[in-house]
Amino acid sequence: MFDSIDIKNGKITFCDASDCLKEDLFQVVYPNDVIVDVGWYNGVHGFIILVISSFDWENPVIEYVVRDEKKMLFILQKVIDKIAKNENL
């Protein structure tokens, strides 16, 4: 599922798309202490993309809820592109 994502200068720390209906699917860590995390959450019936800064999981910098896999991959790539360019999220 995540094969098409260009993670730029990040490091994949978790990737398990064998069952896309589970909470932990994909995580990338960037040198500036930014984490991009993707999971499936039944409570919202969708994928959640989180951007975490300085390991502050209680206060995500960005949170997207997306129900469609193609749209989730599109948004995920846009978020990663901004992180790689050090743009404000």
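Residues numbered from 1 in each chain as written. Predicted model: local features only at pLDDT ≥ 70, side-chain atom pairs only at ≥ 80, totals over all residues. Heavy atoms only, no water.

Q: Which parts of the structure should I look at to understand the overall build of the protein chain?
A: A tally of helices and strands in the protein chain yields one helix and five strands. Of the regular secondary structure in the protein chain, the N- to C-terminal order runs β-β-β-β-β-α. Here the C-alpha radius of gyration of the protein chain, 12 Å, is about what a compact globule of 89 residues would show, namely 12 Å. In terms of overall dimensions, the protein chain has a C-alpha envelope of 30 × 30 × 20 Å along the principal axes. Put simply, the protein chain has 89 residues, and 37% of those count as buried. Across the protein chain, the fraction of contacts at a sequence separation of at least 24, relative to all contacts at a separation of at least 6, is 26%. Carbon and sulfur atoms make up 48% of the accessible area of the protein chain, which totals about 5,400 Å². (Helix = DSSP H or I, 4+ residues; strand = E, 2+ residues; numbered from the N terminus. Rg over C-alpha atoms; globule rule 2.2 N^0.38 Å. Buried < 20%, exposed > 50% of the residue type's maximum accessible area, 1.4 Å probe, protein only. Contact = heavy atoms within 4.5 Å. Areas by Shrake-Rupley, 256 points an atom, 1.4 Å probe, with all protein chains shown as cover.)

Q: Sorry, what's going on with the nonpolar core here?
A: Within soluble globular proteins, side chains that are nonpolar generally end up buried alongside one another. Ranked by size, the top nonpolar core spans 23 residues in total, and within it Phe-2, Phe-26, Tyr-30, Met-72 and Leu-76 carry the most contacts. Looking at this core, the elements with two or more residues in it are β2 (26-30), β3 (34-41), β4 (46-53), β5 (62-66) and α1 (69-84). With seven residues, the top contributor of residues to this core is α1. Excluding its chain neighbours within four sequence positions, the residues that come into contact with Met-72 are Met-1, Phe-2, Val-38, Phe-47, Ile-49 and Val-66. (Core = buried A, V, L, I, M, F, W, Y, C linked by side-chain atoms within 4.5 Å.)

Q: Is there a simple way to explain the sheet that holds strand β1 (residues 11-15) in this structure?
A: For sheets, the rule is that strands pair by backbone hydrogen bonds, running either parallel or antiparallel. The sheet built from five strands is open, its strands ordered β1-β2-β3-β4-β5 with antiparallel pairing. Looking along the sheet, the strands with just one partner apiece sit at the ends: β1 and β5. Averaged over all adjacent pairs, the angle separating strand axes in this sheet is 15°, with direction ignored. As defined by bridge partners, β4 adjoins β5 across five bridges and the pair is classed as antiparallel. Note on β5: the bridge partner recorded for Ile-48 is Val-65. Against the sheet, α1 touches β2, β3, β4 and β5, its axis set at about 10° to β4. (Pairing = 2+ DSSP bridges. Axes fitted to C-alpha atoms, helices over the stretch in contact; angles between N-to-C directions.)

Q: Explanation requested: the pattern of salt bridges in the structure shown.
A: It is possible for side chains bearing opposite charge to pair when their charged atoms get close. In this structure the tally under the stated criterion is two salt bridges. Residues Lys-8 and Asp-6 are paired through a salt bridge, measuring 3.2 Å at the closest nitrogen-oxygen approach. According to the relative accessible area criterion, Lys-8 is partly exposed, its value standing at 40%. For Lys-8, the salt bridge goes to Asp-81, with nearest N and O atoms at 3.5 Å. On the criterion of sequence distance, the pair formed by Lys-8 in the segment before β1 and Asp-81 in helix α1 is long-range, its members being 73 residues apart. (Salt bridge = Lys/Arg side-chain N within 4 Å of Asp/Glu carboxyl O.)

Q: Before we go on, may I ask you to explain the packing of aromatic side chains in this structure?
A: One pair of aromatic rings is described through two measures. These are the centre distance and the angle between the planes. Taken as a whole, this structure holds two aromatic pairs when the rule is applied. Summarising the aromatic geometry, the rings of Phe-2 and Phe-26 are spaced 4.3 Å apart at their centres and angled 10° between planes, so their arrangement reads as stacked. Here Phe-2 is found in the segment before β1, whereas its partner Phe-26 is found in strand β2, with 24 residues between them in sequence. The class for Phe-2 is buried, based on a relative accessible area of 5%. On the basis of relative accessible area, Phe-26 is assigned to the buried category, the value being 2%. Summarising the aromatic geometry, the rings of Trp-40 and Phe-47 are spaced 5.0 Å apart at their centres and angled 80° between planes, so their arrangement reads as edge-to-face. Judged by relative accessible area, Trp-40 falls into the buried class, the value being 12%. (Phe/Tyr/Trp six-rings, centres within 6.5 Å; stacked < 30°, edge-to-face > 60°.)

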